[in-house]
Amino acid sequence: MDEPLVTRMAGFGETVFAEMTRLADETGAINLGQGFPDTDGPRSLLEGAARRIAGGVNQYPPGSGRIELRTAVAEDRRTRYGLDHDPETEVYVTVGATAGIAASVLALVEPGDEVVLFEPMYDSYSGAVALAQGVRRPVTLRPSADGAGTRFAFDPDELRAAVTPRTRMIIVNSPHNPTGTVFTAAEMGLIAELCRDNDIVALTDEVYEHLTYDGVAHLPLASFPGMAERTLSVSSAGKTFSVTGWKVGWVTGPAPLVRAVRTVNQFLTYSANGALQLAVADALRDEAEWVRAQRDALQGKRDRLAAGLAAAGFGVEPAQGSYFLMADIRPLGFADGVETARSLPRLAGVAAVPAQVFYADQEKGRHLVRFAFCKKDGVLDEAAARLRAFGGG
Ligand SMILES: *Cc1c(COP(=O)(O)O)cnc(C)c1O
């Protein structure tokens, strides 16, 4: 039989995350490839879910999500960002942020429509755009030209040039995976201006909204002038509460855009786990202190891993948010991230992810690998010691 996969998905093979995790398992390497924490979320959240399941919350919840969670999401965004959402029509619960992103793209992007996004980019955006038969228009984030440890950022003229009359959507992920960049007010302001001037819908991926460091603030694009009526904002419980396996996410935005997402998503997943939704609703109200402590702990973990990588000889790019650090492999004498990531587990006992997979033009990320720091301090220290032994020897 010929390759049965539809042509629009040709080229999407097994993800590199699965390959690197398998390699780490085979070699006993410490897995700093995939971004999931190795500790649990708040006790009350775990127990809240168990209590609901034992108590009989086990049938289909409403397709839009439990009203308790939709109300908690609306309250949370009002309190922290001053944004107003009607829980009935402007908040929609999805199976993780991933389903929210896919449903949003499928609901709004016609075949041939262009979608502007920033590379390196989270892998699910490309898959969703391909499913919709849209066309990606990547804008590259680069460490600025002076090189000396400055954050990844885009060139405003490159962003302006990427917008055409065919642009339907721009996907904005801040805090950003994999670079750790948090977009500034000026950067968000330019994105907002281009959206308003060209009638473009913004889709924001804010799953790391709580995970910003050194006092840097997350700025939701929907809070910029004229953006509330043209922005779909996606977030989820996975990263905020260290429950990446739960897949409870939500989309907020104006009623017509949320209605479009619902129309598509009712045929993808229909609804998301109701017991988990109730537990997450409570945690959004009651566990802000836990979230702050987790953020502070992650800032320390970022510094710990950055110091370890630098001591091993990597060039380390600074991160203001997320779970990740990007490391330049060239000072260690390597040239290609894929080759390096394939050999590191065996040579050094540590697994990472090659940054190439996050780029439309892979050449741009050839010299970078991504390390996750959302791990126990002892695990990060052991990884750092192994990498130093490898880099120095
Ligand atoms: C982890 C991650 C997601 C996926 O979130 P889920 O809620 O697990 O679907 C989406 N976007 C980015 C940038 C991520 O890092």
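Reading guide: rules and limits
- Residues numbered from 1 in each chain as written.
- Predicted model: local features only at pLDDT ≥ 70, side-chain atom pairs only at ≥ 80, totals over all residues.
- Heavy atoms only, no water.
- UniProt positions renumbered as here; feature names shortened; annotations may be inferred.
- Helix = DSSP H or I, 4+ residues; strand = E, 2+ residues; numbered from the N terminus.
- Rg over C-alpha atoms; globule rule 2.2 N^0.38 Å.
- Buried < 20%, exposed > 50% of the residue type's maximum accessible area, 1.4 Å probe, protein only.
- Areas by Shrake-Rupley, 256 points an atom, 1.4 Å probe, with all protein chains shown as cover.
- Lys, Arg positive; Asp, Glu negative; His and termini not counted.
- Charge placed at Lys NZ, Arg CZ, Asp CG, Glu CD.
- Near = heavy atom within 4 Å.
- Polar contact = N/O pair within 3.5 Å; in protein donor to acceptor, adjacent residues only side chain to side chain.
- Nonpolar A, V, L, I, M, F, W, Y, C, P; charged D, E, K, R; others polar.
- Domains from an automatic or database assignment.
- Buried area = accessible area lost by both parts, 1.4 Å probe.
- Salt bridge = Lys/Arg side-chain N within 4 Å of Asp/Glu carboxyl O.
- Axes fitted to C-alpha atoms, helices over the stretch in contact; angles between N-to-C directions.
- Parallel < 35°, antiparallel > 145°, perpendicular 65-115°, else oblique.
- Left-handed = near helix turned anticlockwise from the far one by under 90°.
- Contact = heavy atoms within 4.5 Å.
- Phe/Tyr/Trp six-rings, centres within 6.5 Å; stacked < 30°, edge-to-face > 60°.
- Lys NZ or Arg CZ within 6 Å of the ring centre and 35° of its normal.

If you check an unreviewed UniProt entry, the protein chain appears there as Succinyldiaminopimelate aminotransferase from Actinorugispora endophytica. Note on the protein chain: under the UniProt heading Cofactor (unreviewed entry), the record states "pyridoxal 5'-phosphate". Here is the UniProt Sequence similarities (unreviewed entry) comment for the protein chain, exactly as written: "Belongs to the class-I pyridoxal-phosphate-dependent aminotransferase family."

K.L.:
Could you clarify how one ought to interpret the overall build of the protein chain in this entry?
P.N.:
Tallying secondary structure elements over the protein chain gives 13 helices and 15 strands in all. In terms of overall dimensions, the protein chain is globule-like: its C-alpha atoms have a radius of gyration of 21 Å, near the 21 Å expected for 393 residues. For the protein chain, the residues scored as buried account for 54% of the 393 residues in total. Working note: accessible area of the protein chain is about 15,900 Å², and carbon and sulfur atoms make up 51% of it. Within the protein chain, the 49 negative side-chain charges are centred at a point lying 2 Å from the centre of the 39 positive side-chain charges.

K.L.:
I tried to follow the site of the ligand on my own but got confused; where do I start?
P.N.:
The environment of the ligand is formed by Gly96, Ala97, Thr98, Tyr122, Asn173, Asn177, Asp205, Val207, Tyr208, Ser236, Lys239 and Lys247. Within the side chain of aspartate 205, a nitrogen or oxygen atom sits 2.6 Å from a nitrogen atom of the ligand. Contact distances for the ligand include 2.7 Å between an oxygen atom and a side-chain N or O atom of serine 236. Among the elements that line the shell around the ligand, the one with the most residues is helix H4 (residues 96-108), at three residues. Across the shell around the ligand, the residue classes break down as four nonpolar, five polar and three charged.

K.L.:
Would you mind showing me how to read the domain arrangement of the protein chain here?
P.N.:
Size of an interface, as often reported, equals the accessible area lost when the parts are brought together. Assigned domains of the protein chain: these are domain 1 (7-41 + 289-392) and domain 2 (60-286). Centre-to-centre separation of domain 1 and domain 2, based on C-alpha positions: 24 Å. When domain 1 packs against domain 2, close to 3,200 Å² is buried across both sides, 60% of that on carbon and sulfur atoms. For domain 1, the biggest contributors to the area lost against domain 2 are Arg8, Gln320 and Phe358; these three give 21% of the whole. Counting every contact that joins domain 1 to domain 2 gives two salt bridges. Between arginine 302 and aspartate 214 there is a salt bridge whose closest N-O contact spans 2.9 Å. Here the side of domain 1 that touches domain 2 gets seven residues from one element, more than from any other, and that element is helix H11 (residues 288-312).

K.L.:
What exactly am I supposed to notice about the packing of helix H1 (residues 16-27) against helix H12 (residues 337-348) here?
P.N.:
The packing of two helices is summarised by the inter-axis angle and the distance between the axes. Relative to each other, H1 and H12 sit at 20 degrees, their axes nearing to 9 Å. The pairing of H1 with H12 is recorded here as roughly parallel in orientation. H1 and H12 meet at a crossing whose hand is right-handed. Counted together, Glu19, Met20, Leu23, Glu26 and Thr27 of H1 and Ala341, Arg342, Pro345 and Arg346 of H12 form the full contact between these two elements. Residue classes in the contact of H1 with H12 are distributed as four nonpolar, one polar and four charged.

K.L.:
Would you explain the packing of aromatic side chains in this entry?
P.N.:
Two measures describe an aromatic ring pair: the distance that separates the ring centres and the angle between the ring planes. Counted according to the given criterion, the structure contains twelve aromatic pairs. Between phenylalanine 118 and phenylalanine 183, the aromatic rings sit 5.2 Å apart at their centres with planes inclined by 70 degrees, giving edge-to-face as the arrangement. Placement of the pair is phenylalanine 118 in strand S3 (residues 114-119) and phenylalanine 183 in the loop between strand S7 (167-173) and helix H7 (185-198), with a sequence separation of 65 residues. Of the two residues, phenylalanine 118 and phenylalanine 183, neither departs from the other in class, the shared state being buried. Judged by centre distance (6.1 Å) and plane angle (70 degrees), the rings of tyrosine 323 and phenylalanine 324 are edge-to-face. Side by side, tyrosine 323 and phenylalanine 324 carry an identical accessibility label, which is buried. The structure contains a cluster of three or more aromatic residues connected by ring pairs, namely Phe118, Phe154 and Phe183. The ring of phenylalanine 36 carries lysine 375 above its face, with NZ or CZ at 3.7 Å from the centroid.

K.L.:
Which parts of the structure should I look at to understand the environment of arginine 137?
P.N.:
Inspection of the secondary structure assignment puts arginine 137 in strand S4 (residues 135-140). The spatial distance from the C-alpha of arginine 137 to the C-alpha of leucine 83 is 29 Å, given a sequence separation of 54 residues. Among all residues touching arginine 137, those that are not within four sequence positions of it are Glu114, Val115, Val116, Leu117 and Ala162.

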